[in-house]
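Listed below are the residues making up each chain.
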Amino acid sequence: MAAQVFVLQAVIVLILGVVAVFALVLQVRHDTVQEARNRSLAVAQTFANSPGIVAALASPDPTAVLQPRAEAARKASEVDFIVVTNPQGIRFTHPKPDRIGKQFVGNLAPAQAGGTVVEEIDGTIGRLVQAVVPVKAPDGRIVGLVSAGITTERVGGNADRQLPLVLITAAVGLVLATGGTALVSRRLLRQTHGLGPREMTRMYEHHDAVLHSVREGVIIVGGEGDLLLANDEAHRLLDLPPDAERRTVRELGLDDDTAELLASGRVATDEVHLVGERLLAINQRPTDLTGGPAGSVATLRDSTELRALSGRAEAARERLDMLYAAGVGIGTSLDVTRTAEELAELAVPRFADFATVDLFDAVLHGEEPEARGALRRSASSGIRKGAPLYAVGEQIRFVESAPQSRSLTGGRPVLEARLAESPGWRAQDLERTEQVVEFGIHSLITVPVRAGALMLGVVSFWRSERPEPFDLEEVALAEELVARAAVSIDNARRFTREHGMAVTLQRSLLPRTLPEQGALDIAYRYLPAQAGVGGDWFDVLPLSGARVALVVGDVVGHGLHAAATMGRLRTAVHNFSALDLAPEELLGLLDELVARIDQDETADGTAAPVAGATCLYAIYDPVSRRCIVARAGHPPPALVHPDGRVEFVEVPAGLPLGLGGLPFETTELEIAEGSRLVLYTDGLVEDRRQDIDTGLGRLRAALERTDSSPDETCRAVLEAMLPARPSDDIALIVARTRALDAGQVAEWEVPVDPAAVGEVRAAVARQLAVWDLEELSFTTELILSELVTNAIRYGSPPVRVRLLRDRTLICEVSDSSNTSPHLRYAAMTDEGGRGLFLVAQLTDRWGTRYTPAGKVIWAEQPLPAAGGDAGTAGSDS
């Protein structure tokens, strides 16, 4: 549009320029002729009246007198010629002398008559204007003629000066037109958002076509409430008069509510109004929200025919929404009962007024149910309480005519549209069914809970509030709803069975009771993860010399494989601890065992290798109060001193079990009596929400707040650390240390001399008398005689004897030799070889443990009843 305006303006400027030039040419021509006439006439008259011209004409040679004067006058007046002739027209002067004496060309008659003549002629020098005037003598007689002439070219100089000005003016007009066009173009582009004339035309055509062909009414109301536009559909829906435009909406005969809405301009979304016999859905928005003109635009949609369809569509949408909710809301936990409750809670009140779920007992325990038998009410939900239905937990046996029984038998839903007219349902329990009807429950759908070929139970949907009974469409919905829930119930049943098996296996592998020992007061907690049983384990192992080993370990993962692997590792630790190995040696053997397990299972291909198994092994000696700790990738133990100070023992971490490589290292520390040693698995201090450093900090804070028994310490730690839903197993052991005082330990150094055996027996007898253990003197002397004699005969000095009175009487004989005695059965003719056999027969346990300085042969005897009580009391003190 701007380009077209520019072309129009350019054409106008051009036409005006051409007209101006043409007018200038005409004006110049007119002015040139007029100027030539005036100048030629003035020059001719001036020369004719000049002094002496009459005398010159009367002279004998007028040419000689007049020619110079005529040429001088011609040049001074800038005319082309001044010619003086006699009255008959014979030239006396001329710019070209060769033409003197010849007849003058032109109209001489007026001048010869005493007048003046000015005429335009085409002469030899071009278009010219010449004037002829008479020369009169004093007596009035005409004595000659003077003619002056000038060409129009000599007079037309103004045109050359005026034409550039006209052209410059035209150019300035074009520039102004261009600038104005650019400004108009920019404004139009801004107002039309960059649309060109074609787009504007096409948009208008489309707008007009859509506005009048769309099946929705469109009306535009101005800020004063007057109707600016209404399309054909709006005229039809509102029954508007033909002259409705430019009239206020309150004058159009509409009902008050509709007129008020359209005049107010307020926002409305699908607001339904009854206009005549039509039900119109009106949407209205103001037009001045984004800087537009004041007013509003409204669309009208006839929803009369869609009203019935929308009800059915809404019901279908609600059913789809309920099925979607069933998909995401049922089966959130792998618990059979909770899944049944989720089904009942979802169905009420969206589908039924009451819902009950009855499952076989075998399903609740994770087993496969039989086809027939009693069911147990597992879940129930209703819009109000007090319904006379069977209570949750009650066992139910349905009669064959009951809808529930028919559903289980036929495997299909059963609809009892009117319970009051159903004798088969009433046969279940006449008194209860009568109460159900009186309560207002009048319709029933029963759907079997089926997973493949298994019948898990039956779901009953009851209606009381809505007067119409259930229909076949609702039966299909109930069947789909229960089918989705059945998958979750069966999954929960399978999980319950597998979880029960895993828990049984795990409990059989974990220690059920702690062994008797006097070195530590121990409390423990074991919490399986929500995901199922795992591979965490712990153990307390009494060792020789009143020592106790504490073990805690973790096999990464959950399920039967992790539990079975944990059992194998725990059994291996039991066996290795019986050898009285040092902690680093035991972990080394355990590492080799895990590596062999991985090799076997990798080669077999039926199970995954053990990845991430960790272990911590600690040995506490109550005599020296020293503790030796080694760990394989396990979190460090915490030590709570008697004054409440908490520290994490710095133990070299080592690699997890099964990775091999570097040997394990130990840390040895002396622990004050009454300290608490805290061992745990990583599930206590690490999960997805916190790293291990944060968990250790929280554990330190929890331990600093406790100053109580091991059992109270376990409780306080779990209260502070346990997450709502543990994602990993948690094993926790708290051991408070005891110490054997000097009165419970007796020790002698034995010379390497067989005669010294008697002195040892005597010293032992005296010590047993001090401990009130004279009953054990004979067997103890016999045991020590054999062990000391063997040490003197086969060992190396120094030889030492130590007696420990704890829960048992412990005899220890040590020497610096690494040779170990072996129990053998002597023949009848052998003179020796029966000593260790007698030791084994007279003691509960005996064995050998190796030390960095040699070996120790030890033997334990049970204390007599009285002595045992005294020993225990002494230990407690």
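Before going into details, it helps to say that this report is about the structure given with it. Note that the structure is a prediction, hence the values are computed from the model and not measured. In this convention, every chain numbers its residues from 1, walking through the sequence in written order. Reporting in this predicted model follows two pLDDT cut-offs: at least 70 for local features of residues, and 80 or more for side-chain atom pairs to be given and counted; totals over whole chains, interfaces and linings ignore these cut-offs and use all residues. As a rule here, side-chain values cover all heavy atoms of the structure and leave hydrogens and water aside.

### As for the overall build of the protein
Reasoning step 1: When you go through the protein residue by residue, the secondary structure sums to 24 helices and 30 strands.
Reasoning step 2: In this description, contact between two residues means that some pair of their heavy atoms is separated by no more than 4.5 Å. Intrachain contacts of the protein at a sequence separation of at least 6 include 59% that bridge at least 24 residues.
Reasoning step 3: Note on areas: these come from Shrake-Rupley sampling with a 1.4 Å probe, and a residue is covered only by the protein chains present in the view. By element, 55% of the accessible surface of the protein is carried by carbon and sulfur atoms, the whole surface being about 44200 Å². Helix and strand labels come from DSSP, where a helix needs a run of H or I of at least four residues and a strand needs a run of E of at least two; each type is numbered from the N terminus.

### Examining helix 20 (residues 710-721)
Reasoning step 1: For a helix, the expected span equals 1.5 Å multiplied by the residue count minus one. Relative to the 16 Å expected for twelve residues at 1.5 Å per residue, helix 20 spans 16 Å between its end C-alpha atoms, a close match to the ideal helical length.
Reasoning step 2: What helix 20 keeps buried is the set Pro710, Thr713, Cys714, Ala716, Val717, Leu718 and Met721.
Reasoning step 3: Next to the buried residues of helix 20 lie strand 16 (520-527), strand 24 (676-680), helix 19 (692-704) and strand 25 (730-737). Each residue is assigned to one of three classes by its accessible area relative to the maximum for its type, calculated with a 1.4 Å probe on protein chains only: buried under 20%, partly exposed between the two thresholds, exposed over 50%.

### Observations regarding the pattern of salt bridges
Reasoning step 1: For this document, the term salt bridge refers to a Lys or Arg side-chain nitrogen within 4 Å of an Asp or Glu carboxyl oxygen. Within this structure, the stated rule accounts for 44 salt bridges.
Reasoning step 2: Of the charged contacts, one joins Arg736 and Asp521 as a salt bridge, the two residues approaching to 3.6 Å between their closest N and O atoms. Remark: Asp521 occurs in strand 16 and Arg736 occurs in strand 25; sequence separation between them is 215 residues.
Reasoning step 3: According to the relative accessible area criterion, Arg736 is partly exposed, its value standing at 28%.
Reasoning step 4: The partner of Arg800 in a salt bridge is Glu747, with the nearest N and O atoms 3.7 Å apart. Pair noted here: Arg800 is in strand 27 (residues 799-805) and Glu747 is in strand 26 (residues 745-750), with a separation of 53 residues, a long-range link.

### Brief notes about the environment of Asn790
Reasoning step 1: Among the structural elements, Asn790 can be located in helix 22 (residues 777-794).
Reasoning step 2: On the basis of relative accessibility, which here comes to 19%, the residue Asn790 falls in the buried class.
Reasoning step 3: Taking the C-alpha atoms as reference, Asn790 lies 9.8 Å from Pro754; in sequence the two are 36 residues apart.
Reasoning step 4: Polar contacts here mean pairs of N or O atoms no more than 3.5 Å apart (in protein, one a potential hydrogen donor and the other a potential acceptor; neighbouring residues in sequence count only if both atoms are side-chain atoms). For Asn790, the side chain forms a polar contact with the side chain of Glu786, separated by 2.9 Å.

### Structural notes on the sheet that holds strand 28 (residues 808-815)
Reasoning step 1: Ordered by their spatial adjacency, five strands build an open sheet running 26-27-28-30-29, and the pairing between neighbours is antiparallel. Strands with a single pairing partner mark the edges of an open sheet, and in this sheet they are strand 26 and strand 29 (845-851). Looking at each pair of strands side by side, their axes are set apart by 15 degrees on average, direction ignored.
Reasoning step 2: Between any two strands, pairing holds if DSSP finds at least two bridges. Examined bridge by bridge, strand 28 and strand 30 (residues 854-862) share eight bridges and lie antiparallel to one another. Directly across from Cys811, in strand 30, lies its bridge partner Ala859.
Reasoning step 3: The axes used here are C-alpha line fits, helices contributing only the stretch in contact, and every angle between their N-to-C directions lies in the interval 0 to 180 degrees. The sheet contacts of helix 21 (residues 756-770) involve strand 26, strand 27 and strand 28, and relative to strand 26 the element is tilted by about 170 degrees.
Reasoning step 4: Across the sheet, helix 22 is in contact with strand 26, strand 27, strand 28 and strand 30; its angle to strand 28 comes to roughly 15 degrees.

### Concerning a nonpolar patch on the surface
Reasoning step 1: Patch criteria: residues need more than 30% relative accessible area and no salt bridge. Like-charged residues are merged within 9 Å; nonpolar side chains of Val, Leu, Ile, Met, Phe, Trp and Tyr are merged within 5 Å. Together, Phe6, Val7, Val11, Ile15 and Val19 make up an exposed nonpolar region whose accessible area comes to about 410 Å².
Reasoning step 2: The topology assignment puts Val11 in helix 1 (residues 2-48).
Reasoning step 3: Take Val11: its relative accessible area is 39%, and that puts it in the partly exposed class.

### Topic: the packing of aromatic side chains
Reasoning step 1: Only Phe, Tyr and Trp rings are paired, with Trp represented by its six-membered ring, and only when their centres lie within 6.5 Å; those with planes under 30 degrees apart are stacked, over 60 edge-to-face, the remainder tilted. Counting across every chain of the model gives five aromatic pairs.
Reasoning step 2: Here the aromatic cluster, defined as three or more aromatic residues joined through ring pairs, consists of Phe351, Phe461 and Phe470.
Reasoning step 3: The ring of Tyr390 is capped by Arg432, whose NZ or CZ atom sits 4.3 Å from the centre of that ring.
Reasoning step 4: Sitting above the plane of the Phe470 ring, Arg463 keeps its charged end 4.2 Å from the centroid. Each ring is checked for a lysine NZ or an arginine CZ that lies within 6 Å of its centre and within 35 degrees of its normal; such an atom marks a charge sitting over the ring.

### Some thoughts on the environment of Leu587
Reasoning step 1: Summarising the element assignment, Leu587 is placed in helix 18 (residues 583-604).
Reasoning step 2: Exposure remark for Leu587: the relative accessible area of 0% places this residue in the buried category.
Reasoning step 3: In this structure the C-alpha to C-alpha distance between Leu587 and Glu665, which are 78 residues apart in sequence, comes to 9.6 Å.
Reasoning step 4: Excluding its chain neighbours within four sequence positions, the residues that come into contact with Leu587 are Cys615, Tyr617, Ala630, Arg631, Ala632, Leu657 and Phe664.

### Re the packing of helix 19 against helix 20
Reasoning step 1: Packing of helix 19 against helix 20 leaves a shortest axis separation of 9 Å and a crossing angle of 135 degrees. Considered as vectors, helix 19 and helix 20 are oriented oblique to each other. Helix 19 and helix 20 meet at a crossing whose hand is right-handed. Here Gly695, Arg698, Leu699, Ala702 and Leu703 of helix 19 lie close against helix 20, whose contacting residues are Thr713, Val717, Ala720 and Met721.
Reasoning step 2: Classification used: nonpolar for Ala, Val, Leu, Ile, Met, Phe, Trp, Tyr, Cys and Pro, charged for Asp, Glu, Lys and Arg, polar for all others including Gly. For the contact of helix 19 with helix 20, the residue count by class is six nonpolar, two polar and one charged. An angle below 35 degrees is read as roughly parallel, one above 145 as roughly antiparallel, one from 65 to 115 as roughly perpendicular, and any other as oblique. Should the near helix be turned counterclockwise from the far one by less than a right angle, the crossing is left-handed, whereas a clockwise turn marks it as right-handed.

### A word on the nonpolar core
Reasoning step 1: Ranked by size, the top nonpolar core spans 51 residues in total, and within it Trp537, Leu550, Leu590 and Tyr617 carry the most contacts.
Reasoning step 2: If near-sequence neighbours (up to four positions away) are discounted, Leu550 is found in contact with Leu520, Ile522, Asp539, Val540, Leu616, Tyr617, Ala618, Leu677, Leu679 and Ala735.
Reasoning step 3: Only buried residues count toward a nonpolar core, which is a set of Ala, Val, Leu, Ile, Met, Phe, Trp, Tyr and Cys residues joined through side-chain atoms within 4.5 Å. Ala325, Leu454, Ala478 and Ala486 belong to the second largest nonpolar core, which has 45 residues in total.

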